[in-house]
Amino acid sequence: MEEIIKQFPNLTDNQLLQFEKLEALYHDWNAKINVISRKDIDELYTKHVLHSLAIAKVQPFEPGTYVLDVGTGGGFPGIPLAILFPETRFYLIDVIAKKIKVVQAVAEGLGLKNVKAEQMRAENAKGDYDFIVSRAVTNMPDFYSWVKDKIKKQNKHELKNGILYLKGGDLTEELKDFPKATEYNISAFFSDSFFETKKVVHLPLKFKL
């Protein structure tokens, strides 16, 4: 929590309370439905919450933005981003029903009105979005094929509409067919050694009729 407060000093009292509540909510749900590995649950704020918020360091979301979180798992990166950007609409999807159950319960427990969560494959998600976020659910070529036709036409951010993807390691091979992709090293924002090889990848996508 200390690092979140340091990195995002303008949080409201309600946002601080929501971030604080995450730990108890996830511990409780993880005991019932294992959505986060046992060793990671003790480092929830670094390995899940702060990692998710790296996207906000690359591109903060304007009010009225629509974001699709594909393969959200237990709600990452969508839930922490939804706390940080209460005026952005988040649609969290995953193919595994029990994970969505946890996401819905956490969103309800936090009083998040800007989160909708459903069990669904990415290819079947309806609507157009400013950004599509995810955390290493698959390789970029496959991910791109799932979401390439789900982007809004109108840009309102510094970065062009498209994918904001959390991934680690050497991505040279994976991104070789995407010359417009930009890699942002998370270690430039957060000092914890966990982030040394972690990146946010931005891939702009064109609106398709």
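The preceding data block contains the structure.
Residues numbered from 1 in each chain as written. Predicted model: local features only at pLDDT ≥ 70, side-chain atom pairs only at ≥ 80, totals over all residues. Heavy atoms only, no water.

### A look at the packing of aromatic side chains
Reasoning step 1: Under the defined criterion, the tally for this structure stands at 11 aromatic pairs.
Reasoning step 2: A centroid spacing of 5.6 Å and a plane angle of 35° characterise the contact between Phe61 and Phe131, whose relative ring orientation is tilted. Pair noted here: Phe61 is in the loop between α4 (44-58) and β1 (66-70) and Phe131 is in strand β4 (residues 131-135), with a separation of 70 residues, a long-range link. Each of the two residues, Phe61 as well as Phe131, counts as buried.
Reasoning step 3: Note on Phe189 and Phe190: the rings are 6.4 Å apart at their centroids and 65° apart in plane angle, and the pair reads as edge-to-face.
Reasoning step 4: The ring of Phe8 has Lys57 sitting right over it, with the charged end atom 4.9 Å from the ring centre.
Reasoning step 5: Between Lys116 and the ring centre of Tyr91, over which it is positioned, the NZ or CZ distance is 5.1 Å. (Phe/Tyr/Trp six-rings, centres within 6.5 Å; stacked < 30°, edge-to-face > 60°. Helix = DSSP H or I, 4+ residues; strand = E, 2+ residues; numbered from the N terminus. Buried < 20%, exposed > 50% of the residue type's maximum accessible area, 1.4 Å probe, protein only. Lys NZ or Arg CZ within 6 Å of the ring centre and 35° of its normal.)

### Digging into helix α6 (residues 97-110)
Reasoning step 1: Relative to the 20 Å expected for 14 residues at 1.5 Å per residue, α6 spans 20 Å between its end C-alpha atoms, a close match to the ideal helical length.
Reasoning step 2: Listing the buried residues of α6 in full gives Ile100, Val102, Val103, Ala105, Val106, Ala107 and Leu110.
Reasoning step 3: Looking at the buried residues of α6, the elements they touch are α2 (13-32), α5 (78-84), β2 (89-94) and β3 (115-119).
Reasoning step 4: Immediately beyond the C-terminal end of α6, within one or two residues, lies Gly111, with a positive phi of roughly 70°. (Expected span 1.5 Å × (residues − 1). Contact = heavy atoms within 4.5 Å.)

### Considerations on the packing of α2 against α4
Reasoning step 1: Between α2 and α4, the least distance of the axes is 11 Å, while the angle of their chain directions is 130°. On the basis of the axis angle, α2 is oblique to α4. Between α2 and α4 lies a crossing of right-handed hand. Where α2 approaches α4, its residues Phe19, Glu20, Leu22, Glu23 and Tyr26 are matched on the opposing element by Leu44, Tyr45, Val49 and Leu53.
Reasoning step 2: Taken together, the residues of the contact of α2 with α4 break down into 7 nonpolar, no polar and 2 charged. (Axes fitted to C-alpha atoms, helices over the stretch in contact; angles between N-to-C directions. Parallel < 35°, antiparallel > 145°, perpendicular 65-115°, else oblique. Left-handed = near helix turned anticlockwise from the far one by under 90°. Nonpolar A, V, L, I, M, F, W, Y, C, P; charged D, E, K, R; others polar.)

### As for the pattern of salt bridges
Reasoning step 1: Under the criterion given, the structure shown has 10 salt bridges.
Reasoning step 2: Two residues, Asp40 and Lys47, come together in a salt bridge whose shortest N-O distance is 3.4 Å.
Reasoning step 3: Judged by its relative accessible area of 16%, Lys47 falls in the buried class.
Reasoning step 4: Across the pair Lys116 and Glu118 runs a salt bridge whose closest N-O atoms are separated by 3.9 Å.
Reasoning step 5: What makes Lys116 partly exposed here is its relative accessible area of 47%.
Reasoning step 6: Connected via shared salt-bridge partners are Asp40, Glu43 and Lys47. (Salt bridge = Lys/Arg side-chain N within 4 Å of Asp/Glu carboxyl O.)

### Observations regarding the packing of α2 against α6
Reasoning step 1: Contact geometry of α2 with α6 gives a least axis separation of 10 Å together with a crossing angle of 145°. For the crossing formed where α2 meets α6, the hand is right-handed. Residues Gln18, Lys21, Leu22, Leu25, Tyr26 and Trp29 of α2 form the contact with α6, whose participating residues are Lys101, Val102, Ala105, Val106, Gly109 and Leu110.
Reasoning step 2: Per-class residue counts for the contact of α2 with α6 are 8 nonpolar, 2 polar and 2 charged.

### Let's talk about the pairing of β4
Reasoning step 1: Burial within β4 is extensive, with 4 of its 5 residues counted as buried.
Reasoning step 2: For the segment spanning β4, helix α7 (residues 140-147) and strand β5 (residues 162-168), crossover handedness is right-handed. (Right-handed = clockwise from strand over helix to strand, strands pointing away.)

### Considerations on unusual backbone geometry
Reasoning step 1: With an omega dihedral of 10°, the bond running from Phe76 to Pro77 counts as a cis peptide bond.
Reasoning step 2: Residue placement: Pro77 occurs in the loop between β1 and α5.
Reasoning step 3: One non-glycine residue, Ala136, lies in the positive phi region at around 50°.
Reasoning step 4: For Ala136, the position within the fold is in the loop between β4 and α7.
Reasoning step 5: Under the relative-accessibility criterion, Ala136 is labelled partly exposed at 42%.

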